[in-house]
Amino acid sequence: MESVPAKTKPHGRLLLSTPLDAKDELEEKLERCVGIVQTLTNGLSEREANDALTANVCKGQQQHEEVCLGLFSLVLTEPAQSQRCYRDLTLVNRDGMNVILVKVNQILMEKFLKLQDVPRTQLVWLVRELVKNGVIGADGVVMTLLKQVAGGDVSSKNMWLAESVLDILLEQKDWVLKSGMLIAMSVYTYLRLIVDHGAPTMLQLRQKEVDFCISLLRDKFMECVAIGRDLVRLLQNVARIPEMDLLWRDMLHSPQTLSPQFTGVLQLLTARTSRKFLACRLTPDMETKLLFMTSRVRFGQQKRYQDWFQRQYLSMAESQSLRCDLIRYICGCVHPSNEVLSSDILPRWAIIGWLLTTCTSNVAASNAKLALFYDWLFFNPEKDSIMNIEPAILVMHHSMKPHPAITATLLDFMCRIIPHFFPPLESQVRQGVCNSLTFIMEKRVLAHLAPLFDNPKLDRELRSMLRERFPEFCSPPSPPTEVKMEEAVSMEMDHVLDKEDGCYDNTEAAFSDDEEEVTNKGEEGERPLTSACSPLINLQLLSTNHGAGKRREFRFHPIKEAVIEEPADITPWLDQLDDPMKEKVTQLQKSSDTEAQCEVMQEIVDLILEEDFDTEQMSSMASCLSEIFRDHFRGDVLPDDITEESLEESVCKPVFLIFRNLVTMQEDNSGFSVLLDMLAELYQKQPKVGYHLLYYLKASKAANGKMMLYESFAQATALGDLHTCLMMDMKACQEDDIRLLCYLTPSIYSEFPDETLRSGELLNMIVAVIDSTQLQELMCHVMMGNLVMFRKDSVLNILIQSLDWETFEQYSTWQLFLAHTIPLETIIPILQHLKYKEHPEALSCLLLQLRREKPSEEMVKMVLSRACHHDDHFTTSVLRNWSCKYDDTLSEHIKAQLIKNNSQPRKRQR
């Protein structure tokens, strides 16, 4: 993403390239096809040339494609010949120009930014000709071309493209009116672009855009209604234009004049905007970059990518308006899979937080906040997705500690938008926002809203307004109530076992598909969430659904080769430090002896505690330490032979000096928060710091009994949440060192029971990587009382989650469960959900365990209530074993079940 060539020059006639670029495959293919066409037609008259081309395309599919692409390439690169070549193309093609439409779309989506000026102009000319001749499929090409007209860009090239496409649509208006989707897409695009074209030099173009939009809105209003609620948002932005003002008056006071089927603004506001429209306002290049950031960039390492995006698209004053398009796209189109959510990939809320904090205009900031909350205002849980409203609440939640002003301004906006968005619909807006907050808690995005709404970091007036607007969400959480087991199962199965949702199958973020409006709850990539989940929404079940088979795919871990690197260059960050600190850091870098490094590191810690470090210096120091200690973070932490001496020796490394100073301080010491902030900065540069801290707190004698220090560390990080931080650190540990993961597991479960005992994702992290020896060690820890991994109130939900895991993972989970002393009756309701073909692992474990148990009435009820199938012998096997040992007990329970389910009068029941 970073490599922007200083100079470009045309290697061919189609695309710009640098001297280092390899020849483009598409360009090579088109040049080869041009050569074929020229060989066939050289020295021939026009009639003879046409006959030669016609004869050649009749030979086969390959020859047809070569001739068509050769003529297509000549149209793009030879303007003087374009009319004749296009005429020949219409005569010789045999597929309704399909091969040309495909290639035009490919160039528009992949190569448009690299096109030289002449081919760019010619491509638009070709699209005009395709439209003029009514080629079937040309509307799709026009919509792709509209996507290349960038918002927030008033460069001459972009203005030329916007006007050229508009001219095509105006010239061929009758053709446009035949496609409802093209009407809606054109209106959506140019309503958005009008906002950018307010300068005096652009007024003529803006007036053409206004007239075009008004014409379509008045003539084909119901086609435009298909846009949904974002049509209202776009119309609000241009409401001061006189023609738009008249349209607004008709929409509000006489909607029937626009269309007999239009009932009013509420009809638009309650309709979700399809992804197609939200995606059409990002160029393919922008969409690709956002896809990269939301599926490949690790959280904490996003700055260079954001800086690139900022330079490329957000550096001009006019680009302020683009932020709304980006935020609407992220909320409505970027719906990451569970696999991405459970990793350390940059989350959506972090990108939106960055976009909000870089707004330099009050108007842009206000519009960006509206874009973020827009789906909240008329949210309907039956039709809208949790993924559309999740980013806003998470931006507020995660900004509370590092950027409380961001949280405050968003909460203030959320309160004030209710009465001010549209006063006649105030009650509906209030209901929409309350629906959103209720759904957020139901789906466990946040467990409770009181810590957010009644936080001491908010000023008194805002807290008072929140209490007034949302009293039901401001009260502190009540103690957990006991849930009947059947209800818990039902709740779980609604979300966990909904295979049609399909979100476990996705390994990529779900971007703008060509889906139509959906009305079923759970569509559009909404992921299943379990009632047993922690408040963390973005760490869900780590396993993916491998289909009915669910057989283990063997993992081939890459061989770790010795890395030979030059010494780290820390000069850019070193120069930003004060001289005393600079000297110590340089000394630390040059020293190779561990003991000497520890001494210097202690001196650095002392300087940190003495100096009044600003954020920039803290960040520079963290970058220096991250680079200096990169070899340490790359190596294994846990010694091969675990003894008290080897453990103590393993924590005597310079990087652990910060931890050692922290554990010896009182939390009310001013230096404590300084060191925590330093550690949080280092964590951003090097995420492995988290599980190194966990290891130190367990292994070091000095840290005995101080494991809760990790909670303070988690709250100091940008994540700001213990559960989030713990899950991300354990995931990083799992990827780097499985032995260490097993070593930390007993401490993690015992010290943080509220974060772990309800967490299916943590258990899956462990059972996904351990071998049989490590499983046996964990079982021994459980049986010796050193480890508790299941609790009565959550074990059933976790076992239900495990049903989609791989075979060995499920067996390991059941073995760990059986090592506990939890009565089997606690989890027996799972039986009614187990299918003999889909869940053999769970059924096998239950089968062996039930044969050892004396049957209870509940057990018999669950065994007998299984669905009947001639190949499923589970029920008969269990009943046969029970009848051999406990025939009287079994018969009594069966009789009780028969009596309960007998509809005959009591006298005749015998």
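Placed above this text is the structure.
Remember, predicted model here, so these are calculated numbers, not experimental data.

Caption draft 1: Broad picture of the overall build of the protein. Counting secondary structure elements, the protein contains 50 helices and 2 strands. Nonlocal contacts in the protein, meaning residues at least 24 apart in sequence, comprise 74% of its contacts between residues at least 6 apart.

Caption draft 2: Highlighting the nonpolar core. Core analysis: the largest hydrophobic core is formed by 294 residues, its most contacted members being Trp376, Ile393, Phe453, Phe470 and Tyr695. Counting residues per element, this core draws most heavily on helix H10 (residues 180-194), at 10 residues. In contact with Trp376, not counting residues within four places along its chain, are Ile389, Ala392, Ile393, Met396, Met414, Gly432, Val433, Ser436, Leu437 and Ile440.

Caption draft 3: Highlighting the environment of Val131. Residue position: Val131 is located in helix H6 (residues 117-132). Since its relative accessible area comes to 1%, Val131 is described here as buried. In this structure the C-alpha to C-alpha distance between Val131 and Trp175, which are 44 residues apart in sequence, comes to 7.8 Å. Each residue touching Val131, except ones within four places of it in the same chain, is listed here: Ala138, Val142, Ile168, Gln172 and Trp175.

Caption draft 4: View of the packing of aromatic side chains. Overall, the coordinates contain 26 aromatic pairs when judged by the stated rule. For the ring pair Phe299 and Trp349, a centre distance of 5.5 Å and an interplane angle of 80° mean the geometry is edge-to-face. One end of the pair, Phe299, is in the loop between helix H17 (284-295) and helix H18 (303-313); the other, Trp349, is in helix H21 (residues 348-357), with 50 residues separating them in the sequence. For the residue pair Phe299 and Trp349, the accessibility class agrees, reading buried in each case. Plain terms: the ring middles of Phe453 and Phe470 are 5.7 Å apart, the flat faces sit at 40° to each other, and that makes the pair tilted. Taken together, the positions of Phe453 in helix H26 (residues 450-453) and Phe470 in the loop between helix H27 (460-469) and helix H28 (471-474) put the pair 17 residues apart, joining distant regions of the chain. Look at Phe453 and you get buried, because its relative accessible area is 0%. On the accessibility criterion, Phe470 (0% relative accessible area) is buried. An aromatic cluster is present here, built from Phe656, Phe659, Tyr695, Tyr696 and Tyr743 joined pairwise through their rings.

Caption draft 5: The arrangement of the pattern of salt bridges in detail. The tally for this structure, following the rule as stated, stands at 38 salt bridges. The partner of Arg469 in a salt bridge is Glu468, and the shortest N-O contact between them spans 3.9 Å. Looking at Arg469, the relative accessible area reads 18%, which means it is buried. Glu468 gets classed as exposed once you look at its relative accessible area, which sits at 59%.

Caption draft 6: Local environment of the environment of Glu223. In this structure, Glu223 sits in helix H12 (residues 221-225). What makes Glu223 partly exposed here is its relative accessible area of 28%. For the pair Glu223 and Leu182, spaced 41 residues apart in sequence, the C-alpha to C-alpha distance is 9.3 Å. Residues within four places of Glu223 in sequence aside, it is in contact with Gly180, Ile183 and Ala184.

Caption draft 7: Molecular detail of unusual backbone geometry. Positive phi outside glycine occurs at Met97, with the angle close to 65°. Its location among the elements puts Met97 in the loop between helix H4 (82-92) and helix H5 (98-111). With a phi angle near 65°, Arg444 is a residue other than glycine that sits in the positive phi range. Along the chain, the position of Arg444 falls in the loop between helix H25 (426-442) and H26. Note on Arg444: relative accessible area 23%, which makes it partly exposed.

Caption draft 8: Seen up close, the packing of helix H47 (residues 840-850) against helix H49 (residues 874-885). The interhelical angle for the contact between H47 and H49, taken along N-to-C directions, is 15°, at an axis separation of 10 Å. By the angle between their axes, H47 is roughly parallel relative to H49. Between H47 and H49 the crossing geometry is right-handed. Here Leu843, Leu846, Leu847 and Leu850 of H47 come into contact with H49, specifically with Phe874, Ser877, Val878 and Trp882.

Caption draft 9: Structural context of the packing of helix H3 (residues 61-77) against H5. One can describe the packing of H3 onto H5 by two numbers: an axis separation of 10 Å at closest approach and a directional angle of 50°. When the interaxial angle is binned, H3 and H5 end up oblique. Judged by the sense of rotation from one axis to the other, the crossing of H3 with H5 is right-handed. The segment H3 lies against H5, with His64, Glu65, Cys68, Leu69, Phe72 and Leu76 engaging Val99, Ile100, Lys103, Val104 and Ile107. A per-class count over the contact of H3 with H5 returns 8 nonpolar, 1 polar and 2 charged.

Caption draft 10: Inspection of H27 at higher detail. Regarding H27, the residues found buried are Leu462, Met465, Leu466 and Arg469. Seen from one end, H27 has its buried residues packed into an arc of 100°, which puts them on one side. Across H27 from its buried face, at more than 90 degrees, point the exposed residues Arg460 and Glu468. Against helix H24 (404-420), H25, H26 and H28 lie the buried residues of H27. For H27, the N-terminal cap is Asp459; the gap from its side-chain oxygen to the backbone nitrogen of Glu461 is 3.1 Å.

Parameters and conventions
- Residues numbered from 1 in each chain as written.
- Predicted model: local features only at pLDDT ≥ 70, side-chain atom pairs only at ≥ 80, totals over all residues.
- Heavy atoms only, no water.
- Helix = DSSP H or I, 4+ residues; strand = E, 2+ residues; numbered from the N terminus.
- Contact = heavy atoms within 4.5 Å.
- Core = buried A, V, L, I, M, F, W, Y, C linked by side-chain atoms within 4.5 Å.
- Buried < 20%, exposed > 50% of the residue type's maximum accessible area, 1.4 Å probe, protein only.
- Phe/Tyr/Trp six-rings, centres within 6.5 Å; stacked < 30°, edge-to-face > 60°.
- Salt bridge = Lys/Arg side-chain N within 4 Å of Asp/Glu carboxyl O.
- Axes fitted to C-alpha atoms, helices over the stretch in contact; angles between N-to-C directions.
- Parallel < 35°, antiparallel > 145°, perpendicular 65-115°, else oblique.
- Left-handed = near helix turned anticlockwise from the far one by under 90°.
- Nonpolar A, V, L, I, M, F, W, Y, C, P; charged D, E, K, R; others polar.
- Arc of directions from axis to C-beta.
- Polar contact = N/O pair within 3.5 Å; in protein donor to acceptor, adjacent residues only side chain to side chain.

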